[in-house]
Amino acid sequence: GNVFEWAQDEWHNDYNGAPTDGKGWCNGDCPVNASDSNYNASDSASRVIRGGGWGNGSSRIRSAYRTHSSPSAQVIGLGARLSRSIP
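These numbers come from a predicted model, not from an experiment.

Procedures and definitions
Residues numbered from 1 in each chain as written. Predicted model: local features only at pLDDT ≥ 70, side-chain atom pairs only at ≥ 80, totals over all residues. Heavy atoms only, no water. Helix = DSSP H or I, 4+ residues; strand = E, 2+ residues; numbered from the N terminus. Buried < 20%, exposed > 50% of the residue type's maximum accessible area, 1.4 Å probe, protein only. Contact = heavy atoms within 4.5 Å. Salt bridge = Lys/Arg side-chain N within 4 Å of Asp/Glu carboxyl O. Pairing = 2+ DSSP bridges.

Novice: I keep staring at the overall build of the chain and nothing clicks. Help me out?
Specialist: Counting its regular elements, the chain contains 1 helix and 4 strands. Shown N-terminal to C-terminal, the secondary structure of the chain runs as helices and strands in the order β-α-β-β-β. Sorting the 87 residues of the chain into buried and exposed places 24% on the buried side. The contacts of the chain with a sequence gap of at least 6 include a subset with a gap of at least 24, amounting to 56%.

The structure is reproduced here in structure tokens:
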């Protein structure tokens, strides 16, 4: 924790029309992995970021806090959480 984390979803103001199956919410197909350079190079849609760090104030230090940013943003306190599926 302690940083905002990128989510797979493209930004929408609310959850109306969101997928109900746990898949990412993207126009077209979401990338299979976060290193998809064509997807990440596109600034056509803001991407969801969640969480926050101690420097962002107590109201943002929770996983439910969400906002958005351009995928090309380079901001202190904005990162990624690496994960791997276990077979």
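Now that the structure has been shown, we can carry on.
Novice: It is not clear to me how the pattern of salt bridges should be interpreted in this structure. Could you clarify?
Specialist: Should their charged atoms come close, side chains of opposite charge can pair. Counted by the stated rule, this structure contains 1 salt bridge. Here Asp 21 makes a salt bridge to Lys 23, at a shortest N to O gap of 3.9 Å. For the residue pair Asp 21 and Lys 23, the accessibility class agrees, reading exposed in each case.

Novice: Explain the pairing of strand β1 (residues 4-10) to me, please; I cannot follow it from the model alone.
Specialist: Consecutive residues of a regular strand have side chains that alternate between opposite faces of the sheet. Taken together, the 4 bridges between β1 and strand β2 (residues 47-51) define a ladder with antiparallel strand orientation. Residue pairing across strands places Trp 6 opposite Ile 49, the latter belonging to β2. Summarising the sheet, β1 and strand β4 (residues 78-79) pair through 2 bridges and their orientation is parallel. Within the sheet, the bridge partner assigned to Glu 5 lies in β4 and is Gly 79.

Novice: Please clarify how the sheet that holds β2 should be interpreted in this entry.
Specialist: Backbone-to-backbone hydrogen bonds pair the strands of a sheet. The strands run either parallel or antiparallel. Ordered in space as β3-β2-β1-β4, the 4 strands form an open sheet in which the pairing is mixed. The sheet is open, and its two edges are formed by β3 (66-69) and β4, each paired on a single side.

Novice: Can you help me understand the environment of Leu 78 in this one?
Specialist: Within the secondary structure layout, Leu 78 lies in strand β4. By relative accessible area, Leu 78 is classed as buried at 18%. In sequence terms Leu 78 and Gly 52 are 26 residues apart; their C-alpha atoms lie 8.1 Å from each other. Excluding its chain neighbours within four sequence positions, the residues that come into contact with Leu 78 are Val 3, Phe 4, Trp 6, Ile 49, Ser 69 and Ala 73.

Novice: Sorry, what's going on with the environment of Phe 4 here?
Specialist: You can see Phe 4 is positioned in strand β1. Separated by 61 residues in sequence, Phe 4 and Tyr 65 place their C-alpha atoms 9.3 Å apart.

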